[in-house]
Amino acid sequence: MLRRALSQNREAAVADPGVGWAAPLICLLASLPVALVTYVPANDYPFHSARIAILSQLADPVYDRFYDLGSLLLPNLGMDLVSLALAPALGYDLASRLFVMLCLIAMMAGTVLLHRAAHDRWSVWPLLASGLLFNGVFLFGFYSYLFGAGLALCAAALWLRIDAGPFRLLLTFVCAILLMLCHMEAFGIYALLLSGFELHRAGLTLRAGLGWRSLRDLALAALPFLAALALLFLLSPTAEEAGNPIRYDGYWAAPLHGLLFSLSSTHVWLDALSWVALGLLAAGSAMLLGLRVNWPVMLGAAMLALAIAILPGELLGSLYADIRLGPVLAMSIIAGLDFARPSRRVAAGFLAAVLLVTAARTVFFVQTWRGFDAQIGRIVESFDAMGEGAMLLVASMDRFPSRYLATPGVLAVWHPSLKHIGSYAAMRPCRCFVPMTFADRTKQPLAVAPDFAAIKAFQGDRPLPLSGPAALRTLLGEIDRRRRDDWPELAETYLLVMGGPESIRETLRAHGVIAASGPRHSLLRLPDVTADKP
């Protein structure tokens, strides 16, 4: 009886036509923008791609001087494990982009499979998730998380299909460990969804007069997750992050802004048209056929919504722990609904409309990203002016990307985001040391060598912010002092300055040689300070 309650549509298990080929086609269409550009225009993508390039060539003497291999017991390894496995055959660039495509496929597949497990039929309804694939979380570049989130939906679907017992407990533990390796929050999504399923089951047992059994089942269901967490805190360097402060955004509307951003592609008019079209399609089809609700899945979605409301913005060293859940919440809600009555005619029209919207979005992203490709490429190609093993520091007068999409100026920063573009220098023939590139031993399997840790601490994980020419002169002076007194000797040191008025180039020329420049950047070769070192 309890298992039947978890899959409530068995009497209507009639497959809609075309789902078997339409879902893969949507995944293919969604992957085309990633496949047809050179540079994925996501905020953190240069970081991730550079890390894969370095790790796949860590034996290279240039990389070996600057970096050490870190721990592989980290809850943030999705991209590293998959891309590094593919890199020997495909090369690090294609392996990184293929992983981004796998993120899109995992999210789509997870929604379809969770819906199939919940309603016991293949339906066109979950294809609505195609309108959410290019979301704010994707554009931030949280790819290990997105891949893990898609797998969490798949794992939740598997849980629904297996009878309660020791085997399901063991499988839950294995899935929890694998998801934790992908990303800590993917593990959390799995736990939240299953908590919703188990709470629904506990309610049924309570109504059957078996209160002791409901408590026992809830306790047993928690065991795999508690065991996985215990292993994390015993074995992983990430456990050190548990002592860091938890930070909430003090702005009262931050959760709403964040949730809207997490679902947005940052192209507001495109999102509005897409969501209105898909919303009208869903509403019209529901009026014709009615809707059926799978309450266990909807209760799991409610647990995700509760987590968004109470989670801080920063947790275990990761940003936006709350709003990352937005797309998964929306996809879980989609998976929890289905048509009350099957209709081949309505399903065919529904499928055609979803494919039309998906195709239109794909054409838009391909054309737009190709334009971004040209902007990014001009800056990346300028890195070829640097010598082998040079160091690249990065500063910026530009506004950084934000989750508050309130003004055209804020939106423009995303089109494209150039915040971390300096990390591409690590993949150019010069194989530069870019201290800004993610290399935190508690989060990534790559660590900066001890000799260069002071440089990493100075640069941090983002460009050094500049308010104007005076701040730039102060920064140049501080860099010279540290190069002379504290930092190890390097053949060449460069400073990439993003944004700012034309007048800053006079400040740069007064301090060194501008090796390359463009409308949005200047690359300065800093003078040799070897003779001045003590």
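Counting restarts for each chain: residues are numbered from 1 in the order of the written sequence. Only residues with pLDDT of at least 70 get local features here, since the model is predicted, and only at 80 or more are side-chain atom pairs given and counted; chain-wide, interface and lining totals rely on the full set of residues. Hydrogen atoms and water are omitted, and side-chain values are computed over all heavy atoms in the structure.

Topic: the state of the cysteines
Rule in force here: Criterion for a disulfide: a pair of cysteine sulfur atoms at a distance within 2.5 Å. Exposure classes here rest on a 1.4 Å probe applied to the protein chains alone. A residue is buried below 20% of its type maximum, exposed above 50%, and partly exposed in between.
The tally for this structure, following the rule as stated, stands at zero disulfides. We note that Cys103 lacks a disulfide partner, and the nearest cysteine sulfur, in Cys182, lies 9.4 Å from it. Looking at Cys103, the relative accessible area reads 1%, which means it is buried. Distance from the sulfur of Cys154, which forms no disulfide, to the nearest cysteine sulfur (Cys175) is 10.0 Å. Given a relative accessible area of 21%, Cys154 falls into the partly exposed group.

With respect to the environment of Val434
Quick note on the threshold: Per the convention used, a helix needs a DSSP run of H or I reaching at least four residues, while a strand needs a run of E reaching at least two, with both numbered from the N terminus.
Along the chain, Val434 falls in the loop between helix H17 (408–413) and strand E7 (446–448). Judged by relative accessible area, Val434 falls into the buried class, the value being 0%. Taking the C-alpha atoms as reference points, Val434 and Pro519, 85 residues apart in sequence, are found 22 Å from one another.

Overview of the packing of aromatic side chains
The criterion, for reference: Geometry of aromatic contacts follows a simple scheme: Phe, Tyr and Trp rings, the Trp one being its six-membered ring, pair when their centres are within 6.5 Å, and the pair is stacked under 30 degrees between planes, edge-to-face over 60, tilted otherwise. Our definition puts a charge over a ring when NZ of Lys or CZ of Arg is within 6 Å of the ring centre and also within 35 degrees of the ring normal.
In this structure the tally under the stated criterion is 29 aromatic pairs. Here the aromatic rings of Phe66 and Phe452 are separated by 5.0 Å at their centres, their planes lie at 70°, and the arrangement is edge-to-face. Taken together, the residues Phe66 in helix H4 (residues 61–66) and Phe452 in the loop between E7 and helix H18 (453–459) connect sequence positions 386 residues apart. For the pair Trp269 and Phe364, a centre-to-centre distance of 5.2 Å together with 90° between the ring planes defines the contact as edge-to-face. You can see Trp269 sitting in helix H13 (residues 268–289) and its partner Phe364 sitting in helix H16 (residues 344–382), a full 95 residues away along the chain. A connected cluster of aromatic rings, assembled from ring pairs, spans Tyr45, Phe134, Phe138, Tyr143, Trp269, Phe364, Phe365 and Trp369. Arg324 extends its terminal NZ or CZ atom over the ring of Tyr145, reaching a point 5.6 Å from the ring centre. Geometry around Phe400 places Lys419 over its ring, the cationic atom sitting 4.8 Å from the centre.

Focus: the confidence of the model for the protein
Rules: pLDDT measures the predictor's confidence residue by residue and takes values from 0 up to 100. Working rule for contacts: check all heavy atoms of both residues, and any pair within 4.5 Å makes them a contact.
Overall, the prediction assigns the protein a mean pLDDT of 91, with 95% of residues at 70 or greater. Predicted confidence is poor over residues 1–12, with pLDDT under 50, and the contacts of this stretch with residues over four places away or in other chains come to 41 contacts.

Side note on the pattern of salt bridges
Put simply, the rule is: One speaks of a salt bridge when a side-chain nitrogen belonging to Lys or Arg is within 4 Å of a carboxyl oxygen belonging to Asp or Glu.
Using the criterion set out here, one finds 23 salt bridges in the structure. Notably, a salt bridge pairs Asp461 with Lys456, separated by 2.6 Å at the nearest N-O pair. Taking relative accessible area as the criterion, Lys456 reaches 12% and is therefore assigned buried. One network of salt bridges, with partners in common, ties together Glu478, Arg481, Arg482 and Asp486.

Description of the nonpolar core
Selection rule: Think of a nonpolar core as a cluster: buried Ala, Val, Leu, Ile, Met, Phe, Trp, Tyr and Cys residues, connected wherever their side-chain atoms sit within 4.5 Å.
Counting 164 residues, the largest nonpolar core has Leu127, Phe138, Tyr143, Phe383, Met386 and Leu392 as its most contacted members. Ranked by residues supplied to this core, first place goes to H16 with 14 residues. Here Leu127 is in contact with Ala22, Ala23, Ile26, Met108, Val112, Leu351 and Val354, once residues within four sequence places are set aside.

Observations concerning helix H6 (residues 92–119)
The test is simple: To estimate how far a helix should extend, the number of its residues minus one is multiplied by 1.5 Å.
End to end, H6 covers 40 Å across 28 residues, agreeing with the expected 40 Å (1.5 Å per residue, within 8%). Immediately beyond the C-terminal end of H6, within one or two residues, lies Asp120, with a positive phi of roughly 60°.

Examining a nonpolar patch on the surface
This is how it is decided: Residues with no salt bridge and a relative accessible area higher than 30% make up the patches, which join like charges within 9 Å and nonpolar side chains (Val, Leu, Ile, Met, Phe, Trp, Tyr) within 5 Å. Per-residue accessibility takes into account occlusion by the displayed protein chains alone, with areas from the Shrake-Rupley method and a 1.4 Å probe.
The grouping of Leu73, Leu231, Leu234 and Leu235 at the surface amounts to a nonpolar patch, some 410 Å² of accessible area in total. On the secondary structure map, Leu235 appears in helix H11 (residues 211–235). Judged by relative accessible area, Leu235 falls into the exposed class, the value being 53%.

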